[in-house]
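Working through the structure, step by step
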Amino acid sequence: MILQQSTIKMNLLNKIIQKASPLSKKEKSQIFLTLLLIHFLILILIPSTSADVYVGTTEGYIYNTEGQVVDASDVTVTVNQCIVGCTQSIVSENSGYYVTANLNLPKQGVVTVYAQKMTALGLEFGQANGIANDYQAANVNVVICLPAPQPSLVQEPNTHDTFATLEWASSADLKGYATWDEVRVDSTNYPKNNNPGSKSLDITGLSFSSHTWRVRTCTNFCCSSWVTDTFNVGNTRPNPPTPTPQLDTIPTTIDFTWISGADEDFDETFDEFEYHIIEDNWESTTNAISPISKEVFGCNYYEWRVRTCEKESEQLCSSWATDGFIACGIQCPACTSNCGSGGGDGGGGTTCTAKTKTLVVTNQLTTEQEEAHKLLISFATSGTSDNIWFKVNSSEFDFSDYPITSLIDSKAKFELIGKPKGKVPPGEYNFTLDVFEGNKKTIEEQMTIKVKKPLLINVKRIAQEMPKRKSWWIYSLIVIIILIILYIYLKNRNPSMNQKIKGKVKNTLKKKI
Amino acid sequence: MKKAGIILMVFVIIFPIATADTGQIEVNIFQEDCIIDFQEGWNLFSFCKNLNDNNLANVLSSISDKYRYVMVWDETQQSFEIYSPRASQNPFTTFNDNYSYFIYMYEQVTLDISGSIPPTEQRNLPEGWTTPAYQYDFSTAVADIFQNTWVNFRYIMKWDNINQEFQIYSKSSSNNPFTQINSKEGRFIYMYDSSTIDY
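Predicted model, so just to flag it, every value in this text is computed and none were measured. (Residues numbered from 1 in each chain as written. Chains lettered and ligands numbered in written order. Predicted model: local features only at pLDDT ≥ 70, side-chain atom pairs only at ≥ 80, totals over all residues.)

**A word on the overall build of chain B**
What chain B contains, in helices and strands, is three helices and 18 strands. Going through the 199 residues of chain B one by one, you find that 31% of them count as buried. Partitioning the intrachain contacts of chain B with sequence separation of at least 6 by distance along the chain shows that 74% fall at a separation of at least 24. (Helix = DSSP H or I, 4+ residues; strand = E, 2+ residues; numbered from the N terminus. Buried ≥ 20, exposed ≤ 12 C-beta atoms within 10 Å, placed from the backbone. Contact = placed C-beta atoms within 7 Å.)

**Structural notes on the overall build of chain A**
Helices and strands together make up the secondary structure of chain A, namely four helices and 34 strands. Counting across all 513 residues of chain A, residues that qualify as buried make up 22%. Taking as baseline every contact in chain A between residues at least 6 positions apart, the subset at least 24 positions apart corresponds to 61%.

**Concerning the interface of chain B and chain A**
With 24 residues of chain B in contact, the opposing surface of chain A contributes 18 residues. Broken down by secondary-structure element, the contributors of at least two residues to the side of chain B that touches chain A are strand S4 (41-45), strand S8 (101-105), strand S12 (128-130), strand S14 (153-160), strand S15 (165-170) and strand S17 (188-191) of chain B. When residues in the side of chain B that touches chain A are grouped by element, the largest group, four residues, is from S15(B). Partitioning the side of chain B that touches chain A into residue classes produces 12 nonpolar, 10 polar and two charged. (Nonpolar A, V, L, I, M, F, W, Y, C, P; charged D, E, K, R; others polar.)

**Describing the nonpolar core**
In this structure, A:Ile62, A:Val111, A:Val113, B:Val70, B:Ile103, B:Met157 and B:Ile168 are the most contacted members of the largest nonpolar core, which totals 66 residues. If near-sequence neighbours (up to four positions away) are discounted, A:Ile62 is found in contact with A:Val69, A:Val70, A:Ser73, A:Val75, A:Ser92, A:Gly96, A:Tyr98, A:Ala115, A:Val142 and A:Ile144. Grouped together as the second largest cluster of nonpolar side chains are 30 residues, A:Phe256, A:Leu359, A:Phe390 and A:Ile443 included. (Core = buried A, V, L, I, M, F, W, Y, C linked by C-beta atoms within 7 Å.)

**Brief notes about the pairing of S15(B)**
Of the strand pairs in this sheet, S14(B) and S15(B) are connected by six bridges, and their pairing is antiparallel. Within the sheet, the bridge partner assigned to B:Ile156 lies in S15(B) and is B:Tyr169. (Pairing = 2+ DSSP bridges.)

**Remarks on the sheet that holds strand S23 (residues 321-328) of chain A**
Residue and element names in this part refer to chain A. Judged by pairing direction, the sheet is antiparallel, and its four strands sit side by side in the order S20-S19-S22-S23 without closing on themselves. Every interior strand has two partners, whereas the edge strands, strand S20 (283-288) and S23, have only one. This sheet shows a mean twist of 20° between the axes of neighbouring strands, independent of strand direction. With nine bridges connecting them, strand S19 (residues 269-277) and strand S22 (residues 299-310) associate as antiparallel partners. Across the sheet, residue Ile 277 finds its bridge partner in S22, namely Tyr 302. (Axes fitted to C-alpha atoms, helices over the stretch in contact; angles between N-to-C directions.)

**Digging into the environment of A:Asp401**
With respect to the helices and strands, the residue A:Asp401 is situated in the loop between strand S30 (397-399) and strand S31 (402-406). Setting aside its immediate chain neighbours within four residues, A:Asp401 contacts A:Trp389, A:Phe390 and A:Lys391.

**Let's talk about the sheet that holds strand S13 (residues 197-203) of chain A**
Strands in a sheet are paired, the pairing made by backbone hydrogen bonds, and the direction either parallel or antiparallel. Residue and element names in this part refer to chain A. The three strands lie next to each other as S9-S10-S13, forming an open sheet whose pairing is antiparallel. Two strands close off the open sheet at either side, each with one partner strand: strand S9 (152-153) and S13. Where S9 meets strand S10 (residues 164-170), two bridges bridge the pair, whose relative direction is antiparallel. Across the sheet, Ser 152 pairs through a bridge with Ala 169, a residue of S10.

**So, the confidence of the model for chain A**
All names here are of chain A. For chain A, mean pLDDT is 80; residues scoring 70 or higher make up 74% of the total. Counted against residues more than four places away or in other chains, residues 1-22, with its pLDDT under 50, gives 16 contacts. In this model, residues 38-50 is a region of pLDDT below 50 whose contacts with residues beyond four sequence positions or in other chains number six contacts. (pLDDT = per-residue confidence, 0-100.)

**Focus: unusual backbone geometry**
Residues and elements named next belong to chain A. With an omega of 0°, the peptide bond between Ser 290 and Pro 291 qualifies as cis. When you line up the elements, Pro 291 lands in the loop between S20 and strand S21 (292-296). Not every positive phi belongs to a glycine, and Gln 81 is a case in point at roughly 50°. Note on placement: Gln 81 falls in the loop between strand S2 (74-79) and strand S3 (87-91). In this structure, Asn 195 is a non-glycine residue whose phi angle is positive, near 70°. Following the sequence through the fold, Asn 195 ends up in the loop between strand S12 (188-194) and S13.

Next up, the structure:
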């Protein structure tokens, strides 16, 4: 009905607009949209005075579980999938009969009838569905039922265990009907559990997550509402192990030691150990037991790490606990003043604290055109050293020597920047990094530079030449502009100049002819 | 009983002259006007006369600016057809005085129907809902109307103008909201099977 009213109003609007002929198409559309908006606002804001006429009906009888008709029960009839005219409420007669009209119940529409009555034992209720016939009439009988008392649950505590014993107690039905309990853990139903009393159910294989379990007591006619409890099965990662820091050293056999991380859930754990030369692949040891011995060699920066993992549960692992050190092969220098004479039961001998020097060079592997080449240098020494020089010997690159007059905490970290000496075609070029202490070379490191694109000009040189070229062009431009201005000025000052020039040209041509 | 109920009989008795042996009784029969009261909103009515002119616009000409819609129940489709005076095309444009009609009024008005007194009539009621007119000016009990077709009868509904909703009479109910059908009232009747009723 409302839809039809709207259609009629819309037609009226169109007619009004059509009469307004002087208006442009755009203006018409604006007016139409405005009126349309007002129209819908009116429809929304002003309640319709028209009532709707629905001829749908539903009738039936209300019974209790003893098969007796129930009078004076509250009956609510609801049409499914309905927007207006969907619900009617009535009271059943002495015969248990009810009938209601004015339902927006279509042919073959589904209707739900709910009935309830408060009796001496409690609220009895029930509902049933029916389908309307081709005349929009449905017949639905409803059996109302007194549910058995709700069971009482023993709250399940949160746990780390993947098994649990769920406990509850159920009561007898007030009307004396046989009962059973239905148990559901998450979405799994467990076998019905007959008769009232205290009961338990063992559940295994619980996942590490939140779990909800519910119990209700049923008779042949109806069930109590569910009683619900939620508990959590949790698991935490082990704590990370505590590694013993490894000092920088010369190539030797090293014992890596650590203390395993503790697991707060007391799960059984194992450790994983990994070590590598930096930028190489990790070498792994599972079920590692501290200490683990490894040979270190060459002159490299080593990293090692350990973590603790669960053997069972979710096999979670802690984060890695990482340590790094430098192992570099340097000849033990001659005993310094630290050297001293040993004495005692072991007989004579010389103890010596060697000065250990470590050098880590991170070489920029490739060099693009118009780029300088960088060497990142990390240098450390166990002794005290002054007057240290870093020198790069390369045919293709020009690195300045880098002096260090004093070390901070016996360590230095810096960059050496090399510039191409000239045209350097793509390829691999060897160079040597030497470290001098005083006049003595203590370290010599062979390295390679890969040039990807031809290096033509020194970076800084390019940067300096560019402004010169720009200024030359600007200067030339200014001179040309001045000459043009001068020419125009002279031309305007002496208008006969052109004629004079033309005359001279003619005379010259005549003479030549 | 039926005939007697159709008209209001006013007996004007001229008493016999006391001195004469014979007297004279003059009986004048006046037919009551058929005036229908409509309330604001929807009204379900039936005509109390056989219409002289069945044209809908003519019948409603005296209240032409006071009604919005007229609806008739389509027994075949089991749904309403609607007439709107504003519509350029309508599914029906005439009244059939054998049926009940819904009319939507903007305000309370009365409609004077001119026509002839209907004779004794039968109504054929198909299975499902139907809306036969009841054209007499006296009331009849529902049980009397359906006494011969009680098995097939299921519901009869009247329209409550005040609450704007149907009142339903069910043969299964012992607590029906009404027990009689009255003059000028329209009605919906639900039959389990096709039947014929006599008024």
